[in-house]
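Structural features, examined
Listed below are the residues making up each chain.
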Amino acid sequence: MELYFDDVPLDGQLQRSVGKAASGMGDVGECLAIAGRITPGDRDSWYRAWSGFATRLVGQADQAAEDGHRVSARGAYLRAAEYFRQAFFFHREDLDGSELRSGYASSVQAFRSALSHVGHPAQVLSGAASGYLFTPGHTDDRCPTILHIGGYDGTAEELYAAVPAALDRGYAVAVLDGPGQGAMLYDRRVPMRPDWEDVVPAMFDAVAACPEVDPDRVVLVGRSFGGLIAPRGAAGEHRLAVLVVDPGQYDLGAALTARLGPLVDRVHDPAADPQFDALLDVPGMTAVLGPRMATHGVTGVRAYFADVLRYTNADTVSRVVCPTFVTDNETDEISTGQGKVLFDHLRCPKEFRLFTEAEGAGGHCEGMAPVVFWDAAFDWLDTVLAPAAGKASA
């Protein structure tokens, strides 16, 4: 589904921000106005358009806050946080690059400026759980809690898009950066790692220790790349009540290296570095591979593909024991049907949902209609967690 640009990567990222309109982190008219200032193929114009608009929004938010207009300030700060994140998206290959450093810091600052205006309890988390905890604030009872990890290029701040829908349903939400994500990568320089079965337990401990959280009703949610690493996390953390992945993914390495042809046989051979590095001479490949190498903490193309081979659920999926909601999308070019593959390998109680373009939810992570995913997920969660709620209140 094309929204504005003929360029698929640009249009996909534009849709990513438009999809946040329902949560207050984006506005359709603003996003299209920004798009009109962008020259396709010019990543610097992308940065200027998004960051310039975001900077203006922060000024509006500051004035609204000074004048006592809390709701207006909240909205402008949240949208600015998203637009600053978009600004540096195509500049992620250099962790010391000025666009990434400035854009990321500005996104975090705008988001934290919004926290005092959101109208519900919010706290910053650090340590093993780097991110934020949001709670409904209208009950003394411990809440069922979403432990939300993001994707390959997302941030904890971006994950706030899920918070309003969760709070409306009585859930607390912890939105977290793990290795290779957000603050963990950009500030602490901790690269991505495949063994999230050793990452999620510490996240669970930190979140479950919060007095607002019901440790018997913690739900691990992984979207985008999180659909690959969250099942590994659940394999190592049996205290989780439920797992939700959108889209589910079974084996990243197999999906990516299938495109290498004969080179795949030399992925562990350092002598093949020149052949792999030659891929950077292919138009557009530097923009694709550069950010991925930075995320994985490697400097060569071959080293990147060798590392990618470690990202699989094949060796851990049988250890997932909690009820699991697996999704896929008929038009998702990233999952390519792996959601059903993951689902078929799970041995736990499970449910599968395929989203379609006909319901307005085409594309990766339901594109411009993430509300379709969240409605389906929360309706299923309410049913699955109801017995646990009864047990907790008994």
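Residues numbered from 1 in each chain as written. Predicted model: local features only at pLDDT ≥ 70, side-chain atom pairs only at ≥ 80, totals over all residues. Heavy atoms only, no water.

1. Points about a nonpolar patch on the surface
Note the threshold: For patches, a residue must show more than 30% relative accessible area and have no salt bridge; joins then use 9 Å for like charges and 5 Å for nonpolar side chains, namely Val, Leu, Ile, Met, Phe, Trp and Tyr. The method behind every accessible area is Shrake-Rupley, applied with a 1.4 Å probe, and residues are considered shielded solely by the protein chains displayed. Only one rule defines a salt bridge in this text: a Lys or Arg side-chain nitrogen within 4 Å of an Asp or Glu carboxyl oxygen. Elements are defined by DSSP. Helices are runs of H or I of four residues or more, strands are runs of E of two residues or more, and each kind is numbered from the N terminus.
Judged by side-chain polarity, Leu-3, Tyr-4, Val-28 and Leu-32 come together as a nonpolar surface patch covering roughly 290 Å² of accessible area. With respect to the secondary-structure elements, Tyr-4 resides in the segment before α1 (8-18).

2. Some points on the side chain of Ser-45
Our working rule: Throughout this description, a polar contact denotes any pair of N or O atoms lying within 3.5 Å of each other; where both atoms belong to protein, one of them has to be capable of donating a hydrogen while the other can accept it, and for residues adjacent in sequence the pair is counted only when both atoms sit in side chains. Contacts are assigned to residue pairs with any non-hydrogen atoms lying within 4.5 Å of each other.
Note that Ser-45 resides in helix α3 (residues 43-66). A polar atom in the side chain of Ser-45 sits 2.9 Å from the backbone nitrogen of Thr-39. If sequence neighbours within four positions are ignored, Ser-45 has contacts with Arg-37, Ile-38 and Thr-39.

3. Side note on the sheet that holds strand β4 (residues 172-177)
To keep things clear, this is the line we draw: Pairing between two strands is assigned when DSSP locates at least 2 bridges connecting them. To obtain each axis, a line is fitted to C-alpha atoms, and for helices this fit is confined to the stretch in contact; angles are then taken between N-to-C directions over 0 to 180 degrees.
Taken together, eight strands build an open sheet; the order of strands is β1-β2-β4-β3-β5-β6-β7-β8 and the sheet is mixed. One side of each edge strand has no neighbouring strand; the edge strands of this open sheet are β1 (122-125) and β8 (350-355). Strand-to-strand twist in this sheet, taken as the mean axis angle between neighbours without regard to direction, amounts to 15 degrees. Relative to strand β6 (residues 242-246), strand β5 (residues 213-223) runs parallel, the two being bridged by five bridges. Considered in β6, the bridge of Leu-220 is made with Leu-243. Packed on one face of the sheet, helix α9 (residues 226-235) meets β3 (143-149), β5 and β6 and runs near 145 degrees to β5.

4. Examining the pattern of salt bridges
When the charged atoms of two side chains with opposite charge come close together, those side chains can pair. Note the following rule: Think of it in three bands: with a 1.4 Å probe and only protein chains considered, a residue is buried below 20% of the maximum accessible area for its type, exposed above 50%, and partly exposed in between.
This model, assessed by the stated rule, comprises 24 salt bridges. In this structure, Glu-366 and Arg-223 form a salt bridge, with 3.4 Å as the shortest nitrogen-oxygen distance. Taken together, the residues Glu-366 in the loop between β8 and α15 (370-393) and Arg-223 in strand β5 connect sequence positions 143 residues apart. For Glu-366, a relative accessible area of 0% translates into the label buried.

5. Quick notes on the packing of aromatic side chains
Short version of the rule: Between rings of Phe, Tyr and Trp, where Trp is taken as its six-membered ring, a pair exists when centres lie within 6.5 Å; planes separated by under 30 degrees are stacked, by over 60 edge-to-face, and by other angles tilted.
One pass over the structure, following the stated rule, counts 25 aromatic pairs. Relative to Tyr-311, the ring of Phe-225 lies with its centre 5.9 Å away and its plane at 50 degrees, an arrangement referred to as tilted. Within this pair, whereas Phe-225 is found in the loop between β5 and α9, its partner Tyr-311 is found in the loop between α13 (301-308) and β7 (324-329), the two being separated by 86 residues in sequence. Tyr-311 carries the same exposure label as Phe-225, and that label is buried.

6. Quick look at the packing of α1 against helix α2 (residues 28-35)
As a reminder, the rule being used: If an angle is under 35 degrees, it is roughly parallel; if it is over 145, roughly antiparallel; if it lies from 65 to 115, roughly perpendicular; otherwise it is oblique. Helix crossings fall into two classes, left-handed where the near helix is turned counterclockwise from the far one by less than a right angle and right-handed where it is turned clockwise. Lys, Arg, Asp and Glu make up the charged group, whereas Ala, Val, Leu, Ile, Met, Phe, Trp, Tyr, Cys and Pro make up the nonpolar group; the residues left over, Gly among them, are polar.
In contact at an axis separation of 9 Å, α1 and α2 are set at 155 degrees when each is read in the N-to-C sense. The angle between α1 and α2 places the two elements in the roughly antiparallel class. α1 and α2 meet at a crossing whose hand is right-handed. Here Leu-14, Ser-17 and Val-18 of α1 come into contact with α2, specifically with Val-28, Cys-31, Leu-32 and Ala-35. Of the residues that constitute the contact of α1 with α2, the class distribution is six nonpolar, one polar and no charged.

7. Some thoughts on the environment of Ala-241
Along the chain, the position of Ala-241 falls in the loop between α9 and β6. Along the backbone, Ala-241 and Leu-220 are 21 residues apart, and their C-alpha atoms lie at a distance of 8.1 Å. Discounting chain neighbours no more than four positions away, the residues touching Ala-241 are Asp-216, Arg-217, Val-218, Cys-322, Pro-323 and Leu-385.

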